[in-house]
Amino acid sequence: MFEKVRDIIVDTLSCSIDDVTLEASLADDLGADSLDAVELNMALEDKLGVSIPDEELAGMKTVGDIVAYLEANA
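Only a predicted model underlies this, so the values are computations on that prediction, with no experimental measurement involved.

Quick look at unusual backbone geometry
Peptide bonds are, in most cases, trans, and in most cases residues other than glycine have a negative phi.
Now for step 1: Even without being glycine, serine 14 reaches a positive phi, approximately 55°.
Now for step 2: For serine 14, a relative accessible area of 66% translates into the label exposed.

The following block contains the structure:
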């Protein structure tokens, strides 16, 4: 699951694949702002066929948070 999420993040945020780790902060390490978060959510939903409620997304601060949510809910 991490590899799928990593690839979507790299495509959506145009960041380096080396920067995307489970511990990476979406805002601090990867430079995602609120618009990027919405785009990332849409990309995850489109490519993985899942739906992440906005209130859940707001609590996800790291790549690991997203992976953990998807593993528990996908």
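Let's talk about the layout of surface pockets
Now for step 1: By volume, the largest pocket amounts to about 250 Å³.
Now for step 2: As for the largest pocket, its lining consists of 14 residues, of which Leu26, Ala37, Leu57, Met60 and Lys61 are closest to the centre.
Now for step 3: No other element matches helix α2 (residues 34-48), which puts 4 residues into the lining of the largest pocket.
Now for step 4: Looking at the lining of the largest pocket, its residues break down into 9 nonpolar, 2 polar and 3 charged.

Quick word on the pattern of salt bridges
Now for step 1: In this structure the tally under the stated criterion is 1 salt bridge.
Now for step 2: We note a salt bridge from arginine 6 to aspartate 7, for which the minimum N-O separation is 3.4 Å.
Now for step 3: Residue aspartate 7 is classed as partly exposed on the basis of its relative accessible area of 36%.

About the cut-offs
- Position labels on residues start from 1 in each chain and follow its written sequence.
- The predicted nature of this model means local features are confined to residues of pLDDT at least 70 and side-chain atom pairs, given and counted, to a pLDDT of 80 or more, with totals for whole chains, interfaces and linings taken over all residues.
- Only hydrogens and water are removed before side-chain values are computed, so all heavy atoms of the structure are retained for them.
- Categorising residues by exposure relies on relative accessible area from a 1.4 Å probe, with only protein chains included: less than 20% of the type maximum marks a residue as buried, more than 50% marks it as exposed, and the intermediate range marks it as partly exposed.
- A pocket here means an open set of points on a 1 Å grid, computed over the protein atoms alone, that has protein on both sides within 12 Å along at least five of seven lines. A cavity is instead a set of points where a 1.4 Å probe fits but cannot get out; residues with an atom within 4 Å of a point line either one.
- Grid points are joined across faces, edges and corners, and a volume is the space filled by probe spheres set on the points.
- What counts as a helix is a DSSP run of H or I of at least four residues, what counts as a strand is a run of E of at least two, and both are numbered from the N terminus.
- Three categories are distinguished: nonpolar for Ala, Val, Leu, Ile, Met, Phe, Trp, Tyr, Cys and Pro, charged for Asp, Glu, Lys and Arg, and polar for the others, with Gly belonging to the last.
- Each salt bridge in this description consists of a side-chain nitrogen of Lys or Arg and a carboxyl oxygen of Asp or Glu lying within 4 Å of one another.

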